[in-house]
Amino acid sequence: MNTEPPGTRPYLIRRLAALLIATALAFGALMAAYYGVGRNAAAVTDRTAPAIVEVEAARKALNESYTSLAGKETAEAEGVGETYGADLNAARQHLVQAGLGTVADKEGRETLRTATGQVSSYDFLIQQAARSTGNDTLRDAYLGYAGNTLRKEGSGIVPRLEKVQLSQREALADETSFDGLLWFLWITAYVLCAALVWLLVDTQRTLRRRFRRKLSPPLVGATALVALVLPLLTFLSSQIQHSLRLAAGKLGTISDPAGTLPHVEKIMNGTHWRAAVASWIPLAAVVLAALVVAGLQPRIEEYRFGKVRHGPRPRPRTLTRTRMYRAGAGLLALCLVLLGSVVNGGLPDLREGRVTVLASWTGDEEKRFREVLDRFGEKEDIEVIYQGTTSLRDVLLSRVDSGDAPDIAILPSLGEAAEYTDDLRPLGKGLAEPLKDYKPLWTAEDDAEVRAVPVKVSLKSIVWHDKARSRDLTTLASQGARWCAGMGGDATSGWPGTDWIEDILLQRSGKGTYMAWARGELPWASEQVREAWRLFGERLGTGPARTALRQDYTHGPFPKPGERSDAPGCELQHQGSFIRTTYRDGADATFTPSRDLLPEADRTGTAREISADFATLFGKSAAAEKLMRFLTGQEAQRIWAKPLPDGKDRTAAPGEDPQRPFFLTYQEDLPEDSVNARVDKELHARAPLCLDASDVMPPRMRSAFQHGVLDYLSSPDAPTLKRVLDDLDAVRADTAKTPHADPPRVCN
């Protein structure tokens, strides 16, 4: 007959439940803590380290490819040489591998895609340099453009790869760091394991007191199991963490990409099986639970048929048990949440979507556009990832061909957009609304589906100068050295010269001739076009023309502090209205219509050359369509027109923003005499507006035009001009054989 106190059996049942809950909690926390350390061992070896090494190898190969050519005379038969070809091929292969397994964040992956596309532009410029044998001026210019495409801060290939590496190393730091969450998990695991051991020991004491048993072998085994598992997992996790820390240090600075990966693999050798120990922790928990049941269940069974005692029943403890179970369930849920957080690497992105945008804007133009995108992202809770590159065409083509087009691309012309007709989404009536006032110029056909919407426009038929030099401009304009002419534009070098020739032709021969030439109906060797070229070269002169090849298009009369140590040496700049973003703070800039200063221009002419940027929609998501609608709306244009947050307004007069972009459908009250008001007046006047002719031309013709300008300026004489124009006419004849849509509108 059982003579033990009547509360023994309920006590044993409660203790069994407490031990099982404590086991689940302790080993759940222990598994989360151990898995948090070991989960990235395989990722670092198999994914992160290779991705970092591939990007570094690509960066090194690209730098070496340029170094192998710089300062080296290359024979025409040799071309770029085997060393350059091997380095470039290696770089491309490394970039492909990096793209397949990069661990960078979303923006880092977009940056890698952009850099990969830019490699084609870089290679083209190098090939052009190799073809310029015998013309050191042109060869050096092309090498300089290639160097800018490769290394220019912010937009060059190498800086982009370094940005990707930064993102990758941030991911590596997350994978190899012992952060606050892991400390919390391990401390929690130790506390819970200590509580579990205390419960086991206390249960042993109770059984010894009530049942006169010295030891319960199952409970002793359970205690020993906890005492063994906890230090063992601590030791193994410390080994894993030590290897991760060494691997991170090795990947932090890579001097030898080829030897880095084997070294990292050697460091990480053995971590995989240690990390796999996490899968045995649940088994250990099951064994421990079984030992607890084996130790207590026989004692509970002894009371199943115990003697019923009379007298007052003990007070029910349902409420206490309920609270205990709820607390246990809450702790268990917390462990599961922490485990899930460790497994998934954090909370998921709860935003409604993501939109990728590709455009040609870099520098201050990019900063301004990002303000618009940031506002949209905040308003719609949508992530927007922007990439800006002057190698827009090469990057976009590579992405479209690979089936990875951006959601939205901002293209320089309707002709460029027409190349992607099969890939672009037609825009609905709401998205095409901005075209209502400018339909004759801004759509290909009245009844055609709209696939591109202008979001920004620049006035080009103007010459910038200091406001204090407004009286003697004609004299200055006759001196080539007074012009701030720079042809460098990385992958699109030469376009400032095309603007000169286009504007001279427009102001000298009128819009009819201009339109016929832009559409390919007028030969390049025609008298009107040839004279525009000749006057361009004559106005600059041989010395300034060759100097212009070495200068960036931003070379202007108001350089930013620190950009050039010498005086600019020039006072006039034929550039679009956007160029003020490159002027120093407080520059007192103004403009004069180019017809007043260009050689042999019709001073009574009213036609103006402009350029526009068109938004096109590749993506099919609702988020991308929302952004398209936002870009064409008044709110975006107001944000775009505001001063930048840093408050550094260049060439600012009271009440105006000097960097303000211009739009076709948005006007605001501006001081009547301000530069912005004058530009707006020119854009909205009832005079003819003509699109940039090279933007209207087929891409191949446009590229040949740009490089023809560079060739001509290297030696601006009659024989060079004849050769250049003959080459351009050959391209014109060849492109005419390709079927194309109806001629684009050039002027309104």
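Residues numbered from 1 in each chain as written. Predicted model: local features only at pLDDT ≥ 70, side-chain atom pairs only at ≥ 80, totals over all residues. Heavy atoms only, no water.

Let's shift gears to helix α2 (residues 41-67). If you check α2, its first and last C-alpha atoms are 37 Å apart, about what 27 residues at 1.5 Å a residue would give, namely 39 Å. Of all the bends in α2, the greatest reaches close to 35° and is centred on T48; the proline P50 follows between one and four positions later. The buried fraction of α2 is high, at 20 of 27 residues. (Helix = DSSP H or I, 4+ residues; strand = E, 2+ residues; numbered from the N terminus. Expected span 1.5 Å × (residues − 1). Bend = angle between axes of the 7 residues up to and from the residue. Buried < 20%, exposed > 50% of the residue type's maximum accessible area, 1.4 Å probe, protein only.)

Where like charges cluster on the molecular surface, the negative patch consists of D105, E170, D174 and D179. Position of D105 among the secondary structure elements: in the loop between α3 (82-101) and α4 (106-131). (Patch = residues over 30% accessible without salt bridge, like charges linked within 9 Å, V, L, I, M, F, W, Y side chains within 5 Å. Areas by Shrake-Rupley, 256 points an atom, 1.4 Å probe, with all protein chains shown as cover. Salt bridge = Lys/Arg side-chain N within 4 Å of Asp/Glu carboxyl O. Lys, Arg positive; Asp, Glu negative; His and termini not counted. Charge placed at Lys NZ, Arg CZ, Asp CG, Glu CD.)

Moving on: the nonpolar core. Within the largest apolar cluster, 101 residues are counted, with the highest numbers of intra-cluster contacts made by Y122, W517, W524 and W533. The greatest single-element share of this core, amounting to 10 residues, is contributed by helix α18 (residues 495-518). Those residues in contact with Y122, other than ones at most four positions away along the chain, are L62, S65, Y66, Y84, L88, A146, T149, L150 and I157. Core analysis: the second largest hydrophobic core is formed by 56 residues, A41, V229, A284 and A285 among them. (Core = buried A, V, L, I, M, F, W, Y, C linked by side-chain atoms within 4.5 Å. Contact = heavy atoms within 4.5 Å.)

With that settled, the discussion passes to the state of the cysteines. Per the counting criterion, the structure on display carries 2 disulfides. With its sulfur 2.1 Å from that of its partner, C484 forms a disulfide with C570. Measuring the twist about the S-S bond at about 105°, one finds the C484-C570 disulfide to be right-handed. Taken as a pair, C484 in the loop between α17 (473-477) and α18 and C570 in the loop between α20 (542-550) and β6 (573-574) lie far apart in primary sequence, 86 residues in all. (Disulfide = S-S within 2.5 Å.)

The next point concerns the pattern of salt bridges. Under the definition given, this model contains 39 salt bridges. R425 is the partner of E625 in a salt bridge, and the nearest nitrogen-oxygen pair spans 3.0 Å. One end of the pair, E625, is in helix α21 (residues 622-631); the other, R425, is in the loop between α15 (414-418) and α16 (439-442), and 200 residues separate them in sequence. Among the ionic pairs, R469 bridges to E571, the shortest N-O distance being 2.4 Å. Of this pair, R469 sits in the loop between β5 (462-466) and α17 while E571 sits in the loop between α20 and β6, and the two are 102 residues apart along the sequence. Classification of E571 as buried rests on a relative accessible area of 18%. A cluster of three or more residues bridged by salt bridges with shared partners is formed by E107, K163, E366 and R370.

It is worth spelling out the environment of L244 at this point. For L244, the location among the structural elements is in helix α8 (residues 217-252). The residues touching L244, leaving out its near neighbours within four places in the chain, are V37, N40, A41, V44, E175, T176 and M268.

The next subject is the packing of aromatic side chains. The full count for this structure, using the stated rule, is 24 aromatic pairs. A ring pair is formed by W500 and F536, whose centres lie 5.4 Å apart and whose planes are at 35°; its orientation type is tilted. Residue W500 is found in helix α18, and its partner F536 is found in helix α19 (residues 527-540); the two are separated by 36 residues along the sequence. Residue W500 is classed as buried on the basis of its relative accessible area, which comes to 3%. Among the aromatic side chains, those forming a connected cluster through ring pairs are Y514, W517, W524, W533, F705 and Y712. Sitting over the ring of F591, R678 keeps its end group 4.0 Å from the ring centre. (Phe/Tyr/Trp six-rings, centres within 6.5 Å; stacked < 30°, edge-to-face > 60°. Lys NZ or Arg CZ within 6 Å of the ring centre and 35° of its normal.)

Another point: unusual backbone geometry. Across the chain, the bulk of peptide bonds are trans and the bulk of non-glycine residues have phi less than zero. Non-glycine residue D381 carries a positive phi angle of around 60°. On the secondary structure map, D381 appears in the loop between α13 (363-380) and β2 (382-388). One non-glycine residue, E600, adopts positive backbone phi at about 60°. By secondary structure assignment, the location of E600 is in the loop between β7 (589-593) and β8 (608-617). Judged by relative accessible area, which is 45%, E600 ranks as partly exposed.

Note on sheets: strands pair through backbone hydrogen bonds, and any given pair is parallel or antiparallel. Spatially, the 3 strands line up as an open sheet ordered β6-β5-β7, and their pairing is antiparallel. The two strands at the open ends of the sheet, each matched to only one other strand, are β6 and β7. The pairing of β5 with β6 spans 2 bridges and is antiparallel. Paired with W464 across the bridge in β6 is Q573. Sheet contacts for helix α23 (residues 675-684): β5 and β7; angle to β7, the most-contacted strand, approximately 25°. (Pairing = 2+ DSSP bridges. Axes fitted to C-alpha atoms, helices over the stretch in contact; angles between N-to-C directions.)

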